[in-house]
Amino acid sequence: MLNHWISINYIEVLGAIAGIIYVFLEIRQHIWLWPVGILTSAVYVWIFFTGKLYADMSLQVYYLVISFLGWYWWLRGDGRGSESRKTDKVDGGKGFLPVTRLRLKTGIYLALIFVLLYACMWIILSYFTDSPVPGWDSFITSLSIVATWMLARKIYEHWYLWIIVNTVSAILFFSRGLYPTLVLYLIYGIMSFSGLRVWKRTFRSELL
């Protein structure tokens with residue numbers, strides 16, 4: 001019976017496995033998280049389309065774009081004294097962009113962007129689609145867009161946003177019957193706390 005279920009839902013299972021690998025690489029700050037993210041996003045475009053979670057589907061399209069940008073930014077670094085670091089091969093796989101803290105001005109801009117995105121998506125999903133959960137779908141999508149941009153720029157506080165996103169997402173996917181994805185986001189939640197701790201150590205070491 002398990003084999004039959006997997007044969008029917010193999011795309012979702014593949015996406016869940018790729019997603020776990022993605023977060024593991026994210027915690028390790030490994031540059032290969034971006035190509036894995038591209039694969040994961042492509043799979044979830046289909047999953048969320050069939051589940052009628054349209055905002056989440058559009059989010060995956062955004063992930064495809066930001067994954068290429070993140071890949072470039074991590075390899076390019078911050079442009080300040082990177083040449084000495086480039087004697088090593090991509091800094092042990094982590095790229096050349098250092099972990100930084102969120103600045104107040106940037107945080108205000110991101111908060112405004114989140115509110116704007118949420119309002120626009122809620123209106124679109126409520127009046128122009130058959131989404132059964134426009135409010136929650138819009139919230140997850142808007143916050144994830146901000147968190148992924150922060151990841152691409154290696155901003156430490158993005159982990160706090162992922163903890164919120166993963167918690168809300170787990171509840172939503174349970175209600176929609178996307179059980180492999182539910183398990184994935186529960187694992188994401190646990191790994192987010194681990195990422196918060198590991199990146200904090202890295203941030204402190206880079207100050208020394």
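Okay, so let's go over this structure.

1. A closer look at the overall build of the protein
Part 1 of the reasoning: Scanning the protein for helices and strands turns up nine helices and zero strands.
Part 2 of the reasoning: Scanning the protein from its N terminus toward the C terminus, one meets helices and strands in the order α-α-α-α-α-α-α-α-α.
Part 3 of the reasoning: Within the protein, the fraction of its 208 residues that count as buried is 47%.
Part 4 of the reasoning: Split by element, the accessible area of the protein, about 11,300 Å² in all, is 71% carbon and sulfur.

2. Topic: the packing of aromatic side chains
Part 1 of the reasoning: Tallying each qualifying case throughout the model produces 11 aromatic pairs.
Part 2 of the reasoning: Where Phe114 meets Phe139, the ring centres are 5.8 Å apart and the plane angle is 85°; that geometry is what we call edge-to-face. Of this pair, Phe114 sits in helix 6 (residues 104–128) while Phe139 sits in helix 7 (residues 134–152), and the two are 25 residues apart along the sequence.
Part 3 of the reasoning: According to the relative accessible area criterion, Phe139 is partly exposed, its value standing at 22%.
Part 4 of the reasoning: Joined through ring pairs, the aromatic side chains of Phe114, Tyr118, Trp136 and Phe139 make up one cluster.
Part 5 of the reasoning: Lys154 extends its terminal NZ or CZ atom over the ring of Trp74, reaching a point 4.4 Å from the ring centre.

3. Observations regarding unusual backbone geometry
Part 1 of the reasoning: Even without glycine at this site, Gln29 takes up a positive phi of about 60°.
Part 2 of the reasoning: Looking at where Gln29 falls in the secondary structure, it is placed in the loop between helix 2 (10–27) and helix 3 (33–50).
Part 3 of the reasoning: Phi is positive for Lys154, close to 60°, though the residue is something other than glycine.
Part 4 of the reasoning: Among the structural elements, Lys154 can be located in the loop between helix 7 and helix 8 (158–175).

4. Considering the side chain of Ser67
Part 1 of the reasoning: When you line up the elements, Ser67 lands in helix 4 (residues 54–76).
Part 2 of the reasoning: A residue is classified by how much of its surface remains accessible, and Ser67, at 2% relative accessible area, is buried.
Part 3 of the reasoning: A polar side-chain atom of Ser67 sits 2.7 Å from the main-chain carbonyl oxygen of Tyr63.
Part 4 of the reasoning: With sequence-adjacent residues up to four places away left out, Ser67 is seen in contact with Trp34, Gly37 and Ile38.

5. Let's talk about the nonpolar core
Part 1 of the reasoning: With 53 residues, the main nonpolar core has Tyr22, Leu33, Trp34, Trp74, Leu151, Phe173 and Trp199 as its most contacted residues.
Part 2 of the reasoning: The set of elements that each furnish at least two residues to this core consists of helix 2, helix 3, helix 4, helix 6, helix 7, helix 8 and helix 9 (179–207).
Part 3 of the reasoning: Sort the elements by how many residues they give to this core and helix 8 lands first, with nine residues.
Part 4 of the reasoning: Filtering out sequence-adjacent residues up to four positions away, Tyr22 remains in contact with Leu33, Trp34, Val36, Gly37 and Leu151.

6. Structural notes on a nonpolar patch on the surface
Part 1 of the reasoning: A contiguous nonpolar patch, built from Trp122, Ile123, Ile124, Tyr127 and Phe128 and spanning about 590 Å² of accessible area, is present on the exposed surface.
Part 2 of the reasoning: Residue placement: Tyr127 occurs in helix 6.

7. Quick look at the packing of helix 6 against helix 7
Part 1 of the reasoning: Look at helix 6 against helix 7: their axes get within 8 Å of each other, and the N-to-C directions meet at 145°. As helix 6 runs across helix 7, the sense of the crossing is right-handed. When helix 6 is examined against helix 7, the residues Thr106, Leu110, Phe114, Leu117, Tyr118, Met121, Trp122, Leu125 and Ser126 are found in contact with a partner set consisting of Pro134, Gly135, Asp137, Ser138, Phe139, Thr141, Ser142, Leu143, Ile145, Val146, Trp149 and Met150.

Here is what the cut-offs are and how they apply
For every chain, the first residue of the written sequence is number 1, and numbering continues from 1 onward in sequence order. Where totals are concerned, whole chains, interfaces and linings use all residues; where local detail is concerned, this predicted model gives features only for residues with pLDDT of at least 70, and gives and counts side-chain atom pairs only at 80 or more. Working from all heavy atoms in the structure, the side-chain values ignore hydrogens and water. Helical segments are the DSSP runs of H or I of at least four residues, strand segments are the runs of E of at least two, and each set is numbered from the N terminus. Exposed residues in this analysis have more than 50% of their type's maximum accessible area, buried residues have under 20%, and partly exposed residues fall in between, with area computed by a 1.4 Å probe over protein chains only. Computed with a 1.4 Å probe, the accessible areas rest on the Shrake-Rupley method; for each residue, only the protein chains presented here act as cover. Stacked, edge-to-face and tilted labels apply to pairs of Phe, Tyr and Trp rings (six-membered ring for Trp) whose centres lie within 6.5 Å, assigned for plane angles under 30 degrees, over 60, and everything in between, in that order. In our convention, an over-ring charge means Lys NZ or Arg CZ found within 6 Å of a ring centre and within 35 degrees of that ring's normal. N or O atoms within 3.5 Å of each other form a polar contact, as long as, within protein, one can give a hydrogen and the other can take it, and as long as residues adjacent in sequence are counted only when both atoms are side-chain atoms. Any two residues whose heavy atoms approach within 4.5 Å at even a single point are treated as in contact. Side-chain atoms within 4.5 Å link the members of a nonpolar core, which is a set of buried Ala, Val, Leu, Ile, Met, Phe, Trp, Tyr and Cys residues. Exposure above 30% relative accessible area and the lack of any salt bridge qualify a residue for a patch; like charges then connect within 9 Å, and the nonpolar side chains Val, Leu, Ile, Met, Phe, Trp and Tyr within 5 Å. Any carboxyl oxygen of Asp or Glu within 4 Å of a side-chain nitrogen of Lys or Arg constitutes a salt bridge here. Axis definition: a line fitted to C-alpha atoms, limited for helices to the stretch in contact. Angles are taken between N-to-C directions and run from 0 to 180 degrees. For a crossing to be left-handed, the near helix must be turned anticlockwise from the far one by less than a right angle; the clockwise case is right-handed.

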